[in-house]
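Understanding the architecture of this molecule
Residue strings, one per chain:
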Amino acid sequence: MSSAKDGTSKMEKVYSPRSVEEKWQKAWMTEEFYQAYKFKNDGRPVFTIDTPPPFTSGELHMGHAYWNVINDTVARYKRMTGHDVILPQGWDCQGLPTELKVQYRWKVSREDRALFRKKCEEWTANMIDSMKRTMIRLGYRPDWEQFEYRTMDKSYWRAVQETLIQMHEKGLIYRKEFPVHWCSKCGTALAQAELGYLQKKGKLYYLRFRAGDRDLEVATTRPELLNACQALAVNPGDSRYSWAVGKEATVPIFGQRVRVLADSSVDMEFGTGVVMICTYGDEQDIKWQQIYKLPVTRSVDEYGRMVNAGKYNGMKVADAREEVAKDLEAEGSLIRSEEFVHNVLAHTERADCMTPIEFLTKDQWFIKSMDFKETVLREAERMEWIPEFVHSRLVDWVNSIEWDWLISRQRVFGTPIPFWFCSDCNHIIAPRREDLPVDTSSAPPPVERCPNCGGSRITGTSDVCDCWVDSSITPLIVTGYFRDRGLFERAYPADLRQQGHDIVRTWMYYTILRCAVLTGTGPFKGALVNGHILGPDGTRMSKSKGNVIIPEQGINQYGADAIRQALFSLTIGSDFPFKWEPVKYGKSFLQKVWSSSRFAEGFFSGMVAKVNPKGLDETDKWIISRLRETISKARDAMEKYQFHIAVDAIQKFYWHDFCDQYIEAVKPRLYSPRNAEDKATAVSVLHTVIWNSIRLLAPICPHITEEIYQSLFRENMGFVSVHAAPYPKPEELPEVDGTKGEKVIAMIALLRTRKVENKLALSAGVRGAVIHGNSEELKVYKENEWLIRQVLHIDSLEYKIGEKDAELIK
Ligand SMILES: [Zn+2]
Ligand SMILES: [Zn+2]
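Read on for an overview of the structure. (Residues numbered from 1 in each chain as written. Chains lettered and ligands numbered in written order. Predicted model: local features only at pLDDT ≥ 70, side-chain atom pairs only at ≥ 80, totals over all residues. Heavy atoms only, no water.)

**Comments concerning the coordination of the zinc ion (ligand 1)**
Taken together, the protein ligands of the zinc ion (ligand 1) are Cys183 (SG), Cys186 (SG), His347 (ND1) and Cys353 (SG), with distances of 2.1 to 2.3 Å. Metal-centred angles of 104 to 118° between the 4 donor atoms at the zinc ion (ligand 1) mark the site as tetrahedral. Along the chain, the residues donating to the zinc ion (ligand 1) are arranged with the sequence spacing C-x2-C-x160-H-x5-C. Here His347 and Cys353 have matching classes, each one buried. (Donors = N, O, S within 2.8 Å, 3.2 Å for Na, K, Ca; no water. Tetrahedral: all angles 85-135°; square planar, octahedral: opposite > 155°, others 65-115°. Buried < 20%, exposed > 50% of the residue type's maximum accessible area, 1.4 Å probe, protein only.)

The following block contains the structure:
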C-alpha cells in the first residue's frame, strides 16, 4: 500500500509494537490519562470486576496473562459503553511457597517469627514488582491508584480479622482436634492445593488377622500403622466376607481388638478386598473415622517419627515399616509381600519437597460451612454462569462436601487467626475492634478471666489463616464494605467474577459462602470462568517438561496487542494449547491496520466532514453497511463475553472488506477524482471506517489503537484517549443499502483475478474487458463503469447477458 500523494505521513511504514506499546503504557500511568481509567463514583452505572489476585510467585505465566487480558478488555469495553468501572488488582501474598523460599534460599529461620515475616514481606514485594511489570507490558491497566491490594498488608489483615469476628458473633467459628496434611520435612500443615500424587515403588503386605476361629487376609502398604488400626472394612456386596461383618478381629503384633465394618466405598478389587482403617493412613481413613466415630491413635509425630508404637517409637516411618514387616513374619502374620507401584500423596506443588505426607491431629479452627450449603446453592442459582457447565461443577462440589472448613494453618506468613481461647473450657475470646489487626500469639487478651467459666488460662494462637480465608473476601475489599458503605451499596454485588475453572471448588465456593453469610447477598451477578493455557504440546505447562511459555517471549517479538488478539481467538471455558500461529496472524493484522491508517492519514487535513448519505457511491454504501453489521456483531459478542466472535468479525471486516477491497476501489477517487465532492466523500468514508474500527478494536488491542487515535483523530474528536471515547453504535451510521456496491466490489475482484491469471500487473493498462451478468447486474456495472475501469486501468467495457463472468480483451 503506497502512502498518499496529498501529504506525507508522520507514521513509520512498518509498525513497531515495542516502542509504541511502551510509550502508551507510560502515558496511561500519567494523571492526564488516568482519567480514562479512574473509578470516579460520579453517578454513572458502576461495573465491578472481581479479578483474581495471583499468588506472588514472581512469575507471570501465560495463564495469568490470559486473565489479565480478559479483565482489561472487559473493563475497557465497559468504560467505552458508559460505565464507571472498578477494575482492581490484588496480590495473594501469603502461603507456604514463600515461606519455603525465604527459609531455604535466604536461609532465614522460622524461629524468630517477626523477622521471618519481615523477610517474607520483602521477598513478596520483589515478586510483585516483577509480576506487575509484565502485567503492564501486556497493556493491563487496572485502577492501581485506588484498587490495588496485598493480602499481607495490615489493612488487609484487619479486614480479614473483622470478617472472622463477625462470623464468630454469628456463632460460626469453633475449635477442635482434627487431622491435617503434614509435611515432616517442611514441618508444617499443607493445604490440599499443595499436594499431589507421586508414583512410588513400594510393597503390598498381606497380613493375617484372626477373627473368631477364622483368618482374614488384609493387604496394606503401611504395616507400620498397625498400632493405629481401629477397624477393618469390607464391601457389603462382597460375599467372601459376609461372615465377618460385625465380628471382631485381632490386630497382629499390637493385639488390639477391632470391629469388621461393611462400607460400600471399599474397593473389592484392591488387595484381598479387606482394608484396615488407621488413624490416619490416608484421607479415606479420616472419612471413616468421622463416620464411625472411631478412636484416634497418633502414630507419627511432626518430624516423621513413630509414636505410641512401643518398641518402634522414635524410628523414621520407612525404617519402622521394615521392622514391623520382619516382626510380622516372625510372628507368622505376614502371609506374603509383593512389589507394588502406587500413588503416594506428597508435598508436590509450588515446592521441590516431594516428601510423602502424613496425617497429624492438631487443634484446628473451623468455620461452620456445612450449615450453609443451601445458601451457597441458592446464590449460585441466581448467578449468570459463563460457560453454563461451571455452575453444575460448583453444585456437585457443594453437595459432596463432608466437613466444615478448616481455616487454620500452622505457619508464620499468613493473617493471624484473631482469637484467644480458654484452656479450661475452650471458650473463644475475640479481640476489641479497635485493636485490629491483632496477633494473639503475642498480644495480651482483652479480658483476664474466661467469660464462660471464669478460668484464668487464656491462650493465644500462633495459627494463621488458610489463604482462601484471605482471598474469599475480595468482592468486599473492592466494593468498600470495610470503609465506604455508600460505595458498597452501589458496587456490590460485583457485576463479574473472572477466574479459572481449577479454583471453582476453592476461591469461587469460599467467596460465595463468606460473602453471602456476611452480607446476606451473594458476591457477584455473573462469573466468567476461563480454561487453561497448556503448553504447545497440549499438556499442563511445567518447568520440568520445558513447555512453559512466558508472556515476555511473545511481547518482545510480536507485541502485546498481537498476543491479546491471539488469546481472544480462544473459546472461553475450555483448555487449549498455546500456539504461536495466531500471534503471528495477529501481528500481520496489526500491520494491515497500521498501513491502512497511514495511507488514509495523508488525506485527512483539518476537520473531516461527517459522512453525508447523499453523496455516497455504491462502494461507500457497501463498506458502511458492512461496518454497521460488524459493529452490531462485535457489540453483541462483547456483551456476551464471546471475545473470539468479536475479534473474528473485526479482523474479517477490516482486513478483507476494508483493506483488500474498499481501499483498492477508492484509490482512483482519491488520486484522480472525477470531482472534488466525490473525493471529499471518499475521504469522509475512510475517516468514518477507521475511526469506528479502531474503537471496535481498542479494548482488545489498546496500544495500536491509541497510537492511531492520537495521530489521526485526537484533534478532530477531542477525547484524551481512544479509551475515553464511546464504543461505536450501528445507529450512528447512515442506514444504506450495500447490495449494489457488493456487486461492484465482486466484479472488481473478479477482473483483478483475470489480470493475475494473465500475468498482468494490477496497474498495467488493458484495452478492454467483457463482463457478463443478468440484466440487473449489468445495470449496476454500467452505472459504476467509471470506477471499475479506473481501478483496473481498463480502457473500455462491454456487457453481455449471461452467467456472471469477465474476460479481458488484450
Ligand atoms: Zn515439604
Ligand atoms: Zn473457660
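Now that the structure is up, let's keep going.
**Observations concerning the sheet that holds strand S23 (residues 524-530)**
Hydrogen bonds along the backbone pair up the strands of a sheet, which may run parallel or antiparallel. Across the sheet, which stays open at both edges, the 5 strands sit in the order S2-S1-S22-S23-S15 with parallel pairing between neighbours. Of all strands in the sheet, those with a lone pairing partner are strand S2 (84-86) and strand S15 (384-386), marking the two edges. Averaged over all neighbouring strand pairs, the angle between strand axes comes to 20°, with direction disregarded. Relative to S23, strand S22 (residues 494-500) runs parallel, the two being bridged by 6 bridges. In the sheet register, Gln498 faces S23, and the bridge partner there is Leu528. Packed onto the sheet, helix H3 (residues 62-80) meets strand S1 (46-50), S2, S22 and S23 and runs at close to 180° relative to S1. (Pairing = 2+ DSSP bridges. Helix = DSSP H or I, 4+ residues; strand = E, 2+ residues; numbered from the N terminus. Axes fitted to C-alpha atoms, helices over the stretch in contact; angles between N-to-C directions. Contact = heavy atoms within 4.5 Å.)

**Some remarks on the packing of aromatic side chains**
Taken as a whole and assessed by the stated rule, the structure comprises 37 aromatic pairs. When the ring of Phe578 is compared with that of Trp580, the centres are 5.0 Å apart and the planes differ by 85°; the resulting orientation is edge-to-face. What makes Trp580 partly exposed here is its relative accessible area of 22%. Ring pairs connect the aromatic residues Tyr585, Phe589, Tyr654, Trp655, Phe658 and Tyr662, which therefore count as one cluster. If you follow Lys154 out to its NZ or CZ, it ends over the ring of Trp157, 4.2 Å from the centre. Lying over the aromatic face of Trp243, Arg214 brings its terminal NZ or CZ to 4.1 Å of the ring centre. (Phe/Tyr/Trp six-rings, centres within 6.5 Å; stacked < 30°, edge-to-face > 60°. Lys NZ or Arg CZ within 6 Å of the ring centre and 35° of its normal.)

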